[in-house]
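# Coordinates in review
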Amino acid sequence: MELSYWELKNWFTNVDYTIVGSGIVGLHAALRLRERFPAAKILVLEKGMLPQGASTKNAGFACFGSISEILEDLKTHSEDDVVSLIEKRWTGLQLLRKRLGDAAIDFKPHGGYELFLKDEESGFNECVAKIPFINEVLKPLFKADVFSKEVDRFGFANIQEYLVFNPFEAQIDTGNMMQELLKQAVSANILILNQQTVTSYSDTGNHVEVVLNDFSFKTNKLLFATNGFAHSLTNGAVRPARAQVLITEPIKDLDIKGTFHLDRGYYYFRNIGDRILLGGGRNLDFDGETTTEFGQTKIIQNKLEELLKNVILPNQDFQIAHRWSGIMGIGNSKNPVVSQLSENVFCGVRLGGMGVAIGSLIGTELADLI
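Residues numbered from 1 in each chain as written. Predicted model: local features only at pLDDT ≥ 70, side-chain atom pairs only at ≥ 80, totals over all residues. Heavy atoms only, no water.

### Observations concerning unusual backbone geometry
Trans is the prevailing form of peptide bonds, just as negative phi is the prevailing case for residues other than glycine. The phi dihedral of Asn14 is positive, around 55°, even though this residue is not glycine. Within the secondary structure, Asn14 sits in the loop between α1 (5–11) and β1 (15–20). Of note, Asp263 is a non-glycine position whose phi angle comes to about 55°, a positive value. By the element assignment, Asp263 lies in the loop between β13 (259–262) and β14 (267–272). (Helix = DSSP H or I, 4+ residues; strand = E, 2+ residues; numbered from the N terminus.)

Encoded structure:
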């Protein structure tokens, strides 16, 4: 890379903080650093044309977990851990709304619903039976009952008679959210460079040498906000998890509004105006979906279309308009990794598919490590 004197001077000299990743976590970290250090030179590096992992590719759910997902988490985490994570997600959502504003992110509090398929009777009965317990556990946080049983009024097919409703859930416009975050970063004099891949780095104790393909520069502190791409940084504590998504063409007289969950959160759908966005299916091929490669597979796309046809939009014609995928970061624990890797290097990763909810909080925590 041949750089001019001007490029070196303005972008790569006397850099105080370099953040790798311009998604929700990276930009919140940058904005928090700007609040703390008004005169600092802050540089954000992004390997994609747009934030590459999940921040611009997610479904736009402002949620903190369906009842089946919470019960599933209680099998592998303590009650305190599960409540703490829900609290983090809820706090993160309030932080996101406060920073960006509900109008900017097109916040729509339509509530969230969980569907249970006809053959999931035992899972449905368990969830319904546990509603009072979960509500009691969450009452100190929400000051009200979170989950209740409601009759299906959306015309779904092949499901249990009742849905589990959560009034605290909402939907946002992911594209608007990221545009507003980028606007705020630029107006806060944060430098953002796209199409920049960090190939290696070394912490000398006084500064960090950052290598970008055939060029290197020095920064005082280096912060990684690369989530699903952080496997090597964390000795395997983070695994990539691909999520496949599709969206329909507009559907005449669509009467579905809200965010919807199926099968412990492995499937999820919502309306975007008069379209349906549907994603998930990673549980059909865990090994195949543990990848940093973007793309779709027949097994998952066929299942998504089958759910649209037989459950979500029965007796309705629909056309698929577009398909895409995003890369999440998961691990054995659902708790995010916010840690110091060496004297001058830090990371905030492993958001477990909860980036919209906790990204703002993890970005702030990452910046506050310094």
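### As for the UniProt feature "domain: FAD dependent oxidoreductase" (unreviewed entry) in the protein
Residues given the UniProt feature "domain: FAD dependent oxidoreductase" (unreviewed entry) here are residues 16–369. In residues 16–369, helix accounts for 33% and strand for 28%; the two terminal C-alpha atoms are 15 Å from one another. (UniProt positions renumbered as here; feature names shortened; annotations may be inferred.)

### Points about the layout of surface pockets
Estimates place the volume of the second largest pocket at around 410 Å³. Around the second largest pocket, the lining comprises 26 residues; the ones closest to its centre are Thr56, Asn58, Asp173, Thr174 and Gly175. Elements that contribute at least two residues to the lining of the second largest pocket include exactly α7 (174–187), β14 and β16 (320–330). It is α7 that provides the largest number of residues to the lining of the second largest pocket, a total of five residues. (1 Å grid on protein atoms, 1.4 Å probe; cavity = no way out; pocket = protein on both sides within 12 Å on 5 of 7 lines; lining within 4 Å. Points joined across faces, edges and corners; volume = space filled by probe spheres on them.)

### What about the sheet that holds β14?
Two modes of strand pairing occur in sheets, parallel and antiparallel, and in both the strands are linked by backbone hydrogen bonds. Read across the open sheet, the eight strands follow the order β5-β6-β4-β13-β14-β15-β12-β16; overall the sheet is mixed. Edge positions in the sheet fall to β5 (148–151) and β16, since each has one partner strand and no second. The average angle at which neighbouring strand axes cross in this sheet is 25°, direction not considered. In this sheet, β16 lies alongside strand β12 (residues 239–248) in antiparallel orientation, the contact comprising ten bridges. Residue Val245 lies in a different strand from β16, and its bridge partner there is Trp324. Taken strand by strand, helix α9 (residues 298–312) contacts β4 (112–115), β12, β13, β14, β15 (275–280) and β16, and its axis lies near 45° from that of β12. (Pairing = 2+ DSSP bridges. Axes fitted to C-alpha atoms, helices over the stretch in contact; angles between N-to-C directions. Contact = heavy atoms within 4.5 Å.)

### Some remarks on the state of the cysteines
Taken as a whole, this structure holds zero disulfides when the rule is applied. Cysteine Cys127 is unpaired, with the sulfur of Cys63 as its nearest cysteine sulfur at 15 Å. (Disulfide = S-S within 2.5 Å.)

### Considering the packing of helix α3 (residues 67–76) against helix α6 (residues 121–142)
When two helices pack together, their arrangement is given by the angle between the helix axes and the distance between those axes. Their axes nearest at 10 Å, the elements α3 and α6 cross at an angle of 75°. Taken together, the axes of α3 and α6 lie roughly perpendicular to each other. Contacts between α3 and α6 involve Ile67, Ser68, Ile70, Leu71 and Leu74 from the first element and Glu126, Cys127, Lys130, Ile131, Phe133, Ile134 and Leu138 from the second. A per-class count over the contact of α3 with α6 returns nine nonpolar, one polar and two charged. (Parallel < 35°, antiparallel > 145°, perpendicular 65-115°, else oblique. Nonpolar A, V, L, I, M, F, W, Y, C, P; charged D, E, K, R; others polar.)

### Quick word on the packing of aromatic side chains
Using the criterion set out here, one finds 22 aromatic pairs in the structure. Summarising the aromatic geometry, the rings of Phe142 and Phe168 are spaced 4.9 Å apart at their centres and angled 50° between planes, so their arrangement reads as tilted. Here the residue Phe142 occupies a position in helix α6, and Phe168 occupies one in the loop between β6 (162–166) and β7 (170–171), the gap between them amounting to 26 residues. Taking 4.7 Å as the distance between ring centres and 5° as the angle between the ring planes, the aromatic pair formed by Phe260 and Phe269 counts as stacked. Each of the two residues, Phe260 as well as Phe269, counts as buried. Here the aromatic residues Tyr113, Phe154, Phe156, Phe165, Phe260 and Phe269 are joined through ring pairs into a cluster of three or more. Over the ring of Tyr162 we find Lys149; its NZ or CZ atom is 4.3 Å from the centre of that ring. (Phe/Tyr/Trp six-rings, centres within 6.5 Å; stacked < 30°, edge-to-face > 60°. Buried < 20%, exposed > 50% of the residue type's maximum accessible area, 1.4 Å probe, protein only. Lys NZ or Arg CZ within 6 Å of the ring centre and 35° of its normal.)

### Comments concerning empty space enclosed by the protein
Counting across every chain of the model gives three cavities of 30 Å³ or more. Each pocket or cavity is described by its volume, and for the largest cavity that value is around 70 Å³. Every residue lining the largest cavity is counted, 13 residues in all, and those nearest its centre are Asp73, Val82, Leu85, Ile86 and Lys334. Residue assignment for the lining of the largest cavity shows that the elements contributing at least two residues are α3 and α4 (79–100). Element by element, the count of residues in the lining of the largest cavity is highest for α4, at five residues. Looking at the lining of the largest cavity residue by residue, the classes come out as five nonpolar, three polar and five charged. In this structure, the second largest cavity spans a volume of roughly 40 Å³. Mapped by element, the contributors of at least two residues to the lining of the second largest cavity are α3, α4 and α6. Of the residues belonging to the lining of the second largest cavity, the class tally is nine nonpolar, no polar and one charged.

### As for α4
Along its 22 residues, α4 runs 32 Å from first to last C-alpha, staying within 8% of the 32 Å computed at 1.5 Å per residue. Taken residue by residue, α4 has Val82, Leu85, Ile86, Arg89, Trp90, Gly92, Leu93, Leu96 and Leu100 as its buried positions. One face of α4 carries all of its buried residues, which in axial projection span an arc of 155°. Residues of α4 that are exposed and point over 90 degrees away from its buried face: Asp80 and Lys98. A positive phi of about 90° marks Gly101, the residue just after α4. (Expected span 1.5 Å × (residues − 1). Arc of directions from axis to C-beta.)

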